Amino acid sequence: MGYERPAVHRTIFAVDVEGYGDPRRTTPHRLALREGLYSALRRAFDDAGVPWADCRNEDCGDGVFVLVPPEIPKGPFVEFLPNALAVALHRHNLTHDAGARIRLRMALHAGEIAYDDHGVTAPSINHSFRLLEAPPLKEALKSSRGVLALITSAWFFDEVVRHSDGLDPTTFRPVSVAVKETRTTGWISLPDRPFPADAELLATAGPGGTVAP
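In short, a report on the structure. This structure is a prediction, so every number in the text was calculated from the model and none was measured. (Residues numbered from 1 in each chain as written. Predicted model: local features only at pLDDT ≥ 70, side-chain atom pairs only at ≥ 80, totals over all residues. Heavy atoms only, no water.)

Observations concerning the overall build of the protein
Convention followed: By definition, any uninterrupted DSSP run of H or I lasting at least four residues is a helix, any uninterrupted run of E lasting at least two residues is a strand, and each is numbered from the N terminus. Here the accessible surface of atoms and residues is derived via Shrake-Rupley with a 1.4 Å probe, and residues count as covered only by protein chains that are part of the display. By the counting scheme adopted, Arg and Lys are positive, Glu and Asp are negative, and His together with the chain ends is not counted. By convention, charge coordinates are those of NZ in Lys, CZ in Arg, CG in Asp, or CD in Glu.
The helix and strand tally for the protein stands at seven helices and eight strands. Structurally, the protein occupies a C-alpha span of about 50 × 45 × 35 Å along its principal axes. With an accessible surface of roughly 10,500 Å², the protein has 53% of that area assigned to carbon and sulfur atoms. Taking the 23 positively charged and 27 negatively charged side chains of the protein as two groups, their mean positions are separated by 7 Å.

Concerning the pairing of strand 1 (residues 8-17)
Heads up, the rule is: Relative accessibility thresholds used throughout: buried, under 20% of the residue-type maximum; exposed, over 50%; partly exposed, between the two (1.4 Å probe, protein chains only). The criterion for strand pairing is that DSSP finds at least two bridges linking the strands in question.
Taken across its ten residues, strand 1 has eight buried, putting it largely inside the fold. Taken together, the ten bridges between strand 1 and strand 4 (residues 104-116) define a ladder with antiparallel strand orientation. Residue V15 lies in a different strand from strand 4, and its bridge partner there is M106. Pairing analysis gives six bridges linking strand 1 to strand 3 (residues 63-68), with the strands arranged antiparallel. From the neighbouring strand, T11 faces strand 3, where its bridge partner is V68.

Comments concerning the pairing of strand 4
As judged from the five bridges shared by strand 4 and strand 6 (residues 148-153), these two strands associate in the parallel manner. Within strand 6, the residue paired with L104 across the bridge is L148. By the bridge criterion, three bridges tie strand 4 to strand 5 (residues 119-121) in an arrangement that is antiparallel. Bridge assignment links D116 to a residue of strand 5, and that residue is G119. The turn linking strand 4 back onto strand 5 is made up of two residues.

Considering helix 1 (residues 27-47)
Here is the rule we go by: One fewer than the residue count of a helix, multiplied by 1.5 Å, yields its expected span. In this analysis, two residues are considered to be in contact whenever any of their non-hydrogen atoms come within 4.5 Å of each other.
Between the first and last C-alpha of helix 1 there are 30 Å, a value that for 21 residues agrees with the 30 Å anticipated at 1.5 Å per step. Considering only its buried residues, helix 1 is in contact with strand 1, strand 2 (56-59), strand 3, helix 2 (76-79), helix 3 (81-94) and strand 4.

Things to note about the packing of helix 1 against helix 3
Helix packing geometry: the angle between the two helix axes and the distance between the axes. What counts here: The angle between two axes is taken between their N-to-C directions and runs from 0 to 180 degrees, where each axis is a line fitted to C-alpha atoms and a helix contributes only its stretch in contact. The hand of a helix crossing depends on one turn: near helix anticlockwise from the far one by less than a right angle means left-handed, and clockwise means right-handed. Three classes are used: nonpolar for Ala, Val, Leu, Ile, Met, Phe, Trp, Tyr, Cys and Pro, charged for Asp, Glu, Lys and Arg, and polar for all others, with Gly counted as polar.
The N-to-C vectors of helix 1 and helix 3 enclose an angle of 145°; their axes lie 8 Å apart at closest approach. With respect to the hand of their crossing, helix 1 and helix 3 are arranged in right-handed fashion. Across from A32, L33, G36, A40, L41, R43, A44, F45 and D47 in helix 1, the residues of helix 3 making contact are L81, A84, L85, A88, L89, R91 and H92. Residue composition of the contact of helix 1 with helix 3, grouped by class: eleven nonpolar, two polar and three charged.

Structure representation (structure tokens):
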């Protein structure tokens, strides 16, 4: 048996490009898109006070997956980073034609991560990617005039978003997530085209609340 390394806690950040496989995109389009995506991420992390160099990032082809050290606070990932990322994406899109423009789905979660010689694995990572693939998140971005749709796990919303002084949690919307074996509640926001504030909806859901499938 190989040496088993202890699991460690990490904030989990993942983004996926809407329509990356669209046949109207050429290879030069995708190369410009990928360059723009990484540039936007580095700028947004820097603007949010999160050192990009201190994080582990993995390329997913049509997106990026990031693990953040536990000593970095989670608040900036909802208070500053989404808006900074949206601004950076808008800047990119203004200087590129349609095939290289970027609209993103973004997911936030946290959990214990296991490392081995081949990479990382954890139920929390699987959970994050299920959130990223949630049909309500795809529909929210498709219906928005903005460039970014964010979904947090129920845990992240209850532990971070609800208690933040830096954003309005009543602009988030609870949704049912049913992707593969995952059945859970996620919380969606549109950073650059926010939903109207709805304190009653927030109170009705309650901490750890679920929504009907």
